[in-house]
Each structure stands twice: as structure tokens, then as C-alpha cells.
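Residue-level listing of the chains:
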Amino acid sequence: MIPGVLTVAGSDSGGGAGIQADLKTMLALGVHGMSVITAVTAQNSIGVQGAWELPVEAVRAQYRSVVDDIGVRAVKTGMLSSAELVETVAELIAGTDAPSVVDPVGVSKHGDALLAPSALDSVRTALLPVATVATPNLDEVAHLTGVRVESEDDLRRAAEAVLAYGPRWVVIKGGHLAGDAVDLLTDGSQEHWLRAPRHDNRHTHGTGCTLASAIASQLAKGQTVPEAVMAAKEYVTGAIAAGFALGAGIGPVHHGWNLG
Ligand SMILES: Nc1ncnc2c1ncn2[C@@H]1O[C@H](COP(=O)(O)OP(=O)(O)O)[C@@H](O)[C@H]1O
Ligand SMILES: Cc1ncc(COP(=O)(O)O)c(N)n1
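Residues numbered from 1 in each chain as written. Chains lettered and ligands numbered in written order. Predicted model: local features only at pLDDT ≥ 70, side-chain atom pairs only at ≥ 80, totals over all residues. Heavy atoms only, no water.

Draft legend 1. Structural detail: a negative patch on the surface. Taken together, the side chains of E53, E57, E84 and E87 make up a negatively charged region of the molecular surface. As for its position among the elements, E87 is in helix α3 (residues 83-94). (Patch = residues over 30% accessible without salt bridge, like charges linked within 9 Å, V, L, I, M, F, W, Y side chains within 5 Å. Areas by Shrake-Rupley, 256 points an atom, 1.4 Å probe, with all protein chains shown as cover. Salt bridge = Lys/Arg side-chain N within 4 Å of Asp/Glu carboxyl O. Lys, Arg positive; Asp, Glu negative; His and termini not counted. Charge placed at Lys NZ, Arg CZ, Asp CG, Glu CD. Helix = DSSP H or I, 4+ residues; strand = E, 2+ residues; numbered from the N terminus.)

Dropping the structure here:
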């Protein structure tokens, strides 16, 4: 049976990040992707030109339609836009018997806001506590915990600060540091350092969405969290290496790089 995976995220009209990146990743990793759209963005390689949230009832209804009939083996969250949506999604996840991967999306690669500043507290107190795996990047770590990561040595302190909010595991993504692309996965007792060569490639639109969806896909196939994160890191590294120019700005990673 092909396992079902649900993404709860925003739509990226340019197809590089958000729901579109998530569903492409799921196809490439052999699971059945399903979606709950939280917001629609007018977005391309240059920036986010507009964003519109969906009503809470629309998010709730999409989630119930999928989970109650089809069922899910893993859930991934991305852009949640507002405090109200963050709290709604946290409550829905808490009532679902499946692992969850929470990517606490704050801003796009172009620097455009995808989460209201007033929603940060709900991410800390409602969403992170129900996450099986949280995957913040360094900007998100700074906003959520106040810890500023300037080198690999700071990653452990950042992980501890995020774990204090209650996710079972955290992946601190060091993608924005110089040097190798190093991420730290830990549950507070085990540590796994994920190191990949940095690809000198500006086409990194959607890397975070892709990593989180890949983790959810591998969990749905029955892997443990460390196995899933290692496989996901390999997949995103390949996708970045094959990233390509599209539009005048930051192009997308290549989600189908592993399909031949
Ligand atoms: N230039 C790069 N070369 C190789 N891996 C990268 C590069 N940039 C980011 N990564 C990796 O991509 C994944 C997503 O990280 P990041 O880009 O920091 O996330 P986000 O999209 O949330 O900002 C991480 O595993 C990170 O190490
Ligand atoms: C709808 C949506 N969700 C998430 C991201 C973050 O992706 P990135 O950090 O790679 O721009 C995005 N740009 N758009």
C-alpha cells in the first residue's frame, strides 16, 4: 500500500516552495501526497507579491476530509500565516495518530513575511509541543528562542533552546552558515550531525519545505526519525545540486532529480 502523507501549508504560485514543493517531494519519494491549503501566495523567483489566508473553517474542513476518510501516516506543516491558524493546526495535529514534522516557516528566501509576528508565541506554546520533529532554520531559531547561531559550535545550544518548547526531536538547519551544509538532529540525548557539501547554487527556493516533506515521507514509510532525516538530507542535497534557474531571481531545487 502506498502510504498517505498530508502537508498543511501555503500555496506558492511559482511552484518552488510551499504545497507545490511538498507534493513534488512526496511523489519523488513514493508516497501519496495530500494537502490542506492555509494561504495562497502570489509568488515567483523574485519575491512574494501577495498573500491571502484561508478561513479557519476551510482549513479545518480540508483536514477532516483527508484524515477522517483517507487517513494519514505522517503530517507536515509549513506556512501557517496567523496565530489563529497556528493554534487550529496544532489542535488538529494533537488529535491525529501520526507523526508530525513542523517546519516553523517565518519568512521566504526573499525576506518576505509568511507568519505574522503575533503568531510566534502560538508556535512556541501550541505547535512546537505537538511536533514529532521540528525543523527551524537559523532565522527561525533566533526569532523563537533568541539564540543566534554564528558557527557550528552554537547549533547544540540552539537545539536545546528549541527542545525546551517540547518537540520530540529537532533538526537545526545550518544551511545559512558558511562552509559545509551542516544540520544537527537531536532529541536531547542522541545527536546526529548531518553534513553535506555546500553546493554553490543560488537556486535554493524551497529547500526547507523539501527537507521537511522528505522527512515526513520517510516516516510514513516506516523509518525511524534518524533514518528518515538522513534519507531526507540526501534527497534535499541532490535536489539542491540539480537546482536550476527560473525567472530573474532564486530558482527552485529539482524535485525529480532522483527519478532518472
Ligand atoms: N547551498 C547549499 N548546499 C547544500 N545544502 C544546502 C544549501 N543550502 C541549504 N542546504 C541544506 O538544505 C536544507 C534546508 O536548509 P535551509 O536552506 O537552511 O532551510 P530554509 O529553506 O528553511 O531556510 C538543510 O539540510 C541545509 O543544510
Ligand atoms: C508558500 C510558501 N511556503 C514556504 C516558503 C518558504 O520557502 P523558502 O524559505 O525556500 O522561500 C515559501 N517561500 N512559500
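Draft legend 2. View of the nonpolar core. Residues L6, V8, Y63, V72 and I172 are the most contacted members of the largest nonpolar core, which totals 43 residues. No other element matches the six residues that α3 contributes to this core. When residues no more than four places from it in sequence are discounted, the contact partners of V72 are G4, L6, M34, V66, V67, T96 and A98. Formed by 28 residues, the second largest nonpolar core is a distinct cluster that contains A28, W169, L194 and L219. (Core = buried A, V, L, I, M, F, W, Y, C linked by side-chain atoms within 4.5 Å. Buried < 20%, exposed > 50% of the residue type's maximum accessible area, 1.4 Å probe, protein only. Contact = heavy atoms within 4.5 Å.)

Draft legend 3. Quick look at the pattern of salt bridges. Taken as a whole and judged by the stated rule, the model has 10 salt bridges. We note a salt bridge from R157 to D154, for which the minimum N-O separation is 3.6 Å. A relative accessible area of 44% places R157 in the partly exposed class. A single salt-bridge network, built from bridges that share partners, covers E152, D180 and R195.

Draft legend 4. Region of the structure containing the site of ligand 2. Near ligand 2 lie 15 residues; those nearest to it are G10, Q43, K109, L114 and G206. One nitrogen or oxygen atom from the side chain of Q43 is found 2.8 Å from a nitrogen atom belonging to ligand 2. The contact in question runs from an oxygen atom of ligand 2 to an N or O atom on the side chain of H205, over 3.5 Å. For ligand 2, whose unbound accessible area comes to 360 Å², protein coverage reaches 95%. If you list the elements that add at least two residues to the shell around ligand 2, you get β1 (4-12) and α7 (207-220). Residue composition of the shell around ligand 2, by class: five nonpolar, nine polar and one charged. (Near = heavy atom within 4 Å. Polar contact = N/O pair within 3.5 Å; in protein donor to acceptor, adjacent residues only side chain to side chain. Nonpolar A, V, L, I, M, F, W, Y, C, P; charged D, E, K, R; others polar.)

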